[in-house]
Amino acid sequence: MAEVTALGEVLIDFTDAGTSEGGQKLFERNPGGAPANVLVALERLGHKTAFIGKVGDDMHGRFLKQVMDDNGVDTSNLIVDPNFFTTLAFVALSPTGERTFSFARKPGADTQLAPAELDRKLIEGSRVFHVGSLSLTNEPARSATMTALKIAKDAGVVVSYDPNYRDTLWDGPDVAAGQMRTVIPYVDVMKLSDEECELVTGRLEPAMAAEWLLEQGVKVCVVTLGADGAFVATKDGSAVVPGYAADVVDTTGAGDSFWGGFLAGLLESGLAPADVDIAAAQGFVRLGNAVASLTVRGRGGIPSIPQRKDVEALLAN
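A brief report on the enclosed structure follows. (Residues numbered from 1 in each chain as written. Predicted model: local features only at pLDDT ≥ 70, side-chain atom pairs only at ≥ 80, totals over all residues. Heavy atoms only, no water.)

1. Side note on the overall build of the protein chain
- Scanning the protein chain from N- to C-terminus turns up ten helices and 13 strands.
- For the protein chain, whose C-alpha radius of gyration is 18 Å, the value lies close to the compact-globule estimate of 20 Å for 317 residues.
- C-alpha extents for the protein chain along the principal axes are approximately 55 × 45 × 40 Å.
- In the protein chain, which comprises 317 residues, the share counted as buried stands at 57%.
- The contacts in the protein chain between residues at least 6 apart in sequence include a share of 69% that link residues at least 24 apart.
- Charge separation in the protein chain, taken as the distance between the mean sites of 27 positive and 42 negative side-chain charges, equals 3 Å. (Helix = DSSP H or I, 4+ residues; strand = E, 2+ residues; numbered from the N terminus. Rg over C-alpha atoms; globule rule 2.2 N^0.38 Å. Buried < 20%, exposed > 50% of the residue type's maximum accessible area, 1.4 Å probe, protein only. Contact = heavy atoms within 4.5 Å. Lys, Arg positive; Asp, Glu negative; His and termini not counted. Charge placed at Lys NZ, Arg CZ, Asp CG, Glu CD.)

Structure follows, in structure tokens:
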């Protein structure tokens, strides 16, 4: 049985790969999707995972399933649907490794997961159930997400959430904020970026955003701060945990890798989220920072998510 089950998108990231001899932009096909990235990070850290979602019965969908299989993720609940095309994201990179996205998703297969297609026993048998927010943008995936959250909460499964805002997939920021907030009452542990604080919580500063989330019932809240590391808060305090220096090539998947590391730390501690104090939380963040740092030193995303031995070597320095 999986320790961590995630529901959401697995898709193709066509990442900036320079220009052709004729001066045309080149894109490289890479496997992506935030929930899938989190699971691969956990697998490489030694934790069993499973994915719930949908891809098209096309070259890209079959490729994504193979990548997840090759990385040990249980794909028995990844539906290959001949009626829809696998979602594609074209990712342009700035000189600092920051990204802008253009999606081919009208509709994408990931938005077509229906509540009736959920495996209740898989969700109930997991230690952690993880979701993002891209599965909230469209029906029926939105209803499937909310149904799965209710199943997890009723079964006492730890609920993990990473909003992962992509503005072009929403009908405006107000709609996005409203839908993203519907998940919060179910959440035990949550990550968001400093850029998402105001949208998700209405508070601009990470400390104030985290305080608001704790008031809503979240037990451990983490705000990633880019090169400055991460801010973490629990019921008994808060702290900034510095990151590791890295020559940034591509930040794609770094936040997901971070969260995979954080969840690995939580699982290995044996603590319930309500029992995590600030000292323990800082340890989980340090593990996440190490995983993220090694990811951004590569090409980003699934291909460069590090193995456990490399993470431990960095932590030991």
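2. Some details on the sheet that holds strand β13 (residues 237–241)
- With respect to topology, nine strands assemble into an open sheet ordered β5-β4-β1-β8-β9-β10-β11-β12-β13, the strand pairing being mixed. Every interior strand has two partners, whereas the edge strands, β5 (74–81) and β13, have only one. In this sheet, adjacent strand axes meet at a mean angle of 15 degrees when their direction is disregarded.
- Pairing between strand β9 (residues 158–161) and strand β10 (residues 189–193): two bridges, direction parallel. The partner of Ser160 across the bridge, within β10, is Val189. (Pairing = 2+ DSSP bridges. Axes fitted to C-alpha atoms, helices over the stretch in contact; angles between N-to-C directions.)

3. Focus on the packing of aromatic side chains
- One pass over the structure, following the stated rule, counts six aromatic pairs.
- For the ring pair Phe14 and Phe90, a centre distance of 5.0 Å and an interplane angle of 20 degrees mean the geometry is stacked. One end of the pair, Phe14, is in strand β2 (residues 11–19); the other, Phe90, is in strand β6 (residues 88–93), and 76 residues separate them in sequence.
- A residue is classified by how much of its surface remains accessible, and Phe14, at 13% relative accessible area, is buried.
- Among the aromatic residues, those joined into a cluster by ring pairs are Phe258, Trp259, Phe262 and Phe284.
- Here Arg29 stacks its cationic end above the ring of Phe63, 3.8 Å away from the centre of that ring. (Phe/Tyr/Trp six-rings, centres within 6.5 Å; stacked < 30°, edge-to-face > 60°. Lys NZ or Arg CZ within 6 Å of the ring centre and 35° of its normal.)

4. Side note on the environment of Gln179
- Relative to the helices and strands, Gln179 is located in helix α5 (residues 173–181).
- Once you skip the residues sitting within four places of it in the chain, Gln179 turns out to touch Leu136, Arg142 and Trp170.

5. Details of the packing of helix α1 (residues 34–44) against helix α8 (residues 254–269)
- Put simply, α1 and α8 touch, their axes get as near as 8 Å, and they point 50 degrees apart. When the interaxial angle is binned, α1 and α8 end up oblique. Handedness of the α1/α8 crossing: right-handed. Taken together, the residues of α8 that come into contact with α1 (itself represented by Ala34, Asn37, Val38, Ala41 and Leu42) are Asp256, Ser257, Trp259, Gly260, Leu263, Ala264 and Leu267.
- Considered class by class, the residues forming the contact of α1 with α8 number eight nonpolar, three polar and one charged. (Parallel < 35°, antiparallel > 145°, perpendicular 65-115°, else oblique. Left-handed = near helix turned anticlockwise from the far one by under 90°. Nonpolar A, V, L, I, M, F, W, Y, C, P; charged D, E, K, R; others polar.)

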